[in-house]
Amino acid sequence: MSLYDDVVLVLKGYEDQGELRQAYLDHLAAHPDGIWKACHAGHVTASALVVDPERGRVLLTLHRKLRMWLQMGGHCEPGDATLAEAALREATEESGIPGLTLLPGGPVRLDRHSIPAPCHWHFDVQYAAVAPSGAAHAVSDESLDVRWFAYDEVAEVADDSVVRLLEAVRARI
């Protein structure tokens, strides 16, 4: 199975956010290259909110280009066999934490957001990754900082999309 087929299968199996989910599927039907960064009409991205449920906190990255506190995530790469693998790879790379595990049940949310040209849209498929107990993080080249925030601090530092993602993750934990 190709990564494209996996993405379509994941989206078809995702039961929430019906209208937005359909927009993702329509985009992929119109753009067979819609999972790759080179697709300037927009492309699928994979992200994961790193959580430490034992301590009631999340790890956010201060994105180098956007200068915003966000969950870990990014573009699919040719070596990614599945969308979940892409999300886990991005979370591991950007957090510096080995041994992350994705929360069972597949994606937690979808979030489509505009980005600067030459591309137009990121069709982000959002997962949650649980950090092992006592995990130490590191700052990657894509970040200005990486920091733990208590659940109730997230709304003070991050935008609404991260807050909605955290709410969905907490509902699933």
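Keep in mind that what you see is a predicted model, and the values were worked out from it rather than measured.

**Concerning unusual backbone geometry**
Right, on to step 1. The phi dihedral of Q17 is positive, around 50°, even though this residue is not glycine.
Right, on to step 2. Structurally, the position occupied by Q17 is in the loop between α1 (3-13) and α2 (18-30).
Right, on to step 3. Q17 gets classed as partly exposed once you look at its relative accessible area, which sits at 24%.
Right, on to step 4. Unusually for a residue other than glycine, R67 sits at a positive phi of about 55°.
Right, on to step 5. Mapped onto the fold, R67 is located in the loop between β2 (57-63) and β3 (69-70).
Right, on to step 6. Residue R67 is classed as exposed on the basis of its relative accessible area of 59%.

**Some remarks on the pattern of salt bridges**
Pairing of side chains with opposite charge becomes possible as their charged atoms draw close.
Right, on to step 1. All told, the structure shown has seven salt bridges when counted by the stated rule.
Right, on to step 2. Of the charged contacts, one joins R57 and D52 as a salt bridge, the two residues approaching to 2.9 Å between their closest N and O atoms.
Right, on to step 3. For D52, a relative accessible area of 6% translates into the label buried.
Right, on to step 4. Between E93 and R89 there is a salt bridge, with the nearest N and O atoms lying 3.4 Å from each other. Taken together, the positions of E93 and R89, both in helix α3 (residues 83-95) and four residues apart, correspond to about one turn of that helix.
Right, on to step 5. Look at the salt bridges and you will find they share partners, linking E77, D80, R89, E90 and E93 into a network.

Calculation notes
Numbers given to residues run from 1 along each chain, matching the order in which its sequence is written. With pLDDT at 70 or above as the cut-off, local features in this predicted model cover only qualifying residues; side-chain atom pairs require 80 or more to be listed or tallied, and sums for whole chains, interfaces and linings still use all residues. Side-chain metrics rest on all non-hydrogen atoms present in the structure, leaving aside hydrogens and water. The helix and strand labels rest on DSSP assignments: H or I over at least four residues marks a helix, E over at least two residues marks a strand, and numbering proceeds from the N terminus. Note on exposure labels: buried denotes an accessible area under 20% of the residue type's maximum, exposed denotes more than 50%, and partly exposed covers the range between, all computed with a 1.4 Å probe on protein chains only. Salt bridges are identified by distance alone: a Lys or Arg side-chain nitrogen within 4 Å of an Asp or Glu carboxyl oxygen.

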